Amino acid sequence: MSRTTVSADDGIVYEFSPDLDAAYTAASGESLTIETVDSLGGAVQAESDVIDEVPDEVNGATGPIAVEGAEPGDVLAVHVEDVRVNEDRGRVTTIPGFGFLREADDIEEPRSRITPVEGDGDGETIDFGGLSVDIDPVIGTIGVAPESESYTTLVPHDHGGNLDTTDVTTGSTVYFPVFQEGAMLAMGDSKAAMADGEMCGTGAEIGTDIDVTLELLDDPAVSLDRPLVDTGSAWKTVASAETLEDACRLAHRDLLELLGREHGFDATDAYMFASLVGGLEVSQVVDPLVTARNAIPSEYLSEPF
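Residues numbered from 1 in each chain as written. Predicted model: local features only at pLDDT ≥ 70, side-chain atom pairs only at ≥ 80, totals over all residues. Heavy atoms only, no water.

A.B. asks: Just checking my understanding: could you explain the layout of surface pockets for this structure?
C.D. replies: In this model, the largest pocket occupies a volume close to 240 Å³. Forming the walls of the largest pocket are 13 residues, and the residues nearest its centre are Val 92, Ala 193, Met 194, Ala 195 and Ala 204. Here the lining of the largest pocket is composed, by residue class, of 10 nonpolar, two polar and one charged. (1 Å grid on protein atoms, 1.4 Å probe; cavity = no way out; pocket = protein on both sides within 12 Å on 5 of 7 lines; lining within 4 Å. Points joined across faces, edges and corners; volume = space filled by probe spheres on them. Nonpolar A, V, L, I, M, F, W, Y, C, P; charged D, E, K, R; others polar.)

This is the structure we're talking about:
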């Protein structure tokens, strides 16, 4: 399959705004390779390189990519076919004032740990202090131009952004509401490995090559307010808010709407059924807004569009 490559040299953004200018314009159905740089822009190459504060420009996202014909009210499907690391090391950091246990007396801030990439192909791992961790790349920041306000690439919101969600990976499809003409997709901030929660504030930050196919869904049967992920085995609503409780509530409400449409449930029956087969999950608890998701097995929810 022929793919155009879009790299950070073509365009990189540190803010998702309503008035982004496209670095590349793609047709619906077009397949691309997106080259990304690590979230710290190469600033940490050795353990002596530490970050004293969160940089003004962090989580650089390659793009934006306009999609021909995309209009507000449409849905953009990003089929993530493969995510590959493109450098020989990742880096895990603590940064003063950032992270789940920020400013705790027993946590050293700042500190950096280099995680060398070992092996090749399906057997790739990273090394952390002599412990081997399987590489399972995650796209940390991915989103479209927002509806009205601007958000830095450190912040997640309804447009996506810094979702830090482990399901945004090889084999998944991520659906975004389109708020602006062209949609204006950008992505970066990948991790070689990351746990749900991203507790210290980073995963193993690394550059990646990401194979995607973009599909524009115009006049969709279901409109979206926030991102939705299809992992192949589950559908997951994703929401960000100031508190984890509020993020869970938004993700849950989005799931209830999908269940209601699928099964003809009213809100109460959807609410009760979700308590049997749904599952709240934490994406990240470290960004200016926190992110949660609610999962429903695919056997109970078919493709809603």
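A.B. asks: Can you help me understand the pattern of salt bridges in this one?
C.D. replies: Once their charged atoms are close, side chains differing in charge can pair, the charge on each being opposite to the other. Evaluation of the coordinates by the stated rule reveals 21 salt bridges. Between Asp 88 and Arg 89 there is a salt bridge, with the nearest N and O atoms lying 2.9 Å from each other. By relative accessible area, Arg 89 is classed as partly exposed at 26%. Asp 189 is the salt-bridge partner of Lys 191, the closest N and O atoms lying 2.8 Å from each other. In terms of burial, Lys 191 and Asp 189 fall into one category: buried. Among the charged side chains, a network of salt bridges with common partners joins Asp 164, Asp 189, Lys 191, Glu 198 and Glu 205. (Salt bridge = Lys/Arg side-chain N within 4 Å of Asp/Glu carboxyl O. Buried < 20%, exposed > 50% of the residue type's maximum accessible area, 1.4 Å probe, protein only.)

So yeah, pure geometry; function would need other evidence.
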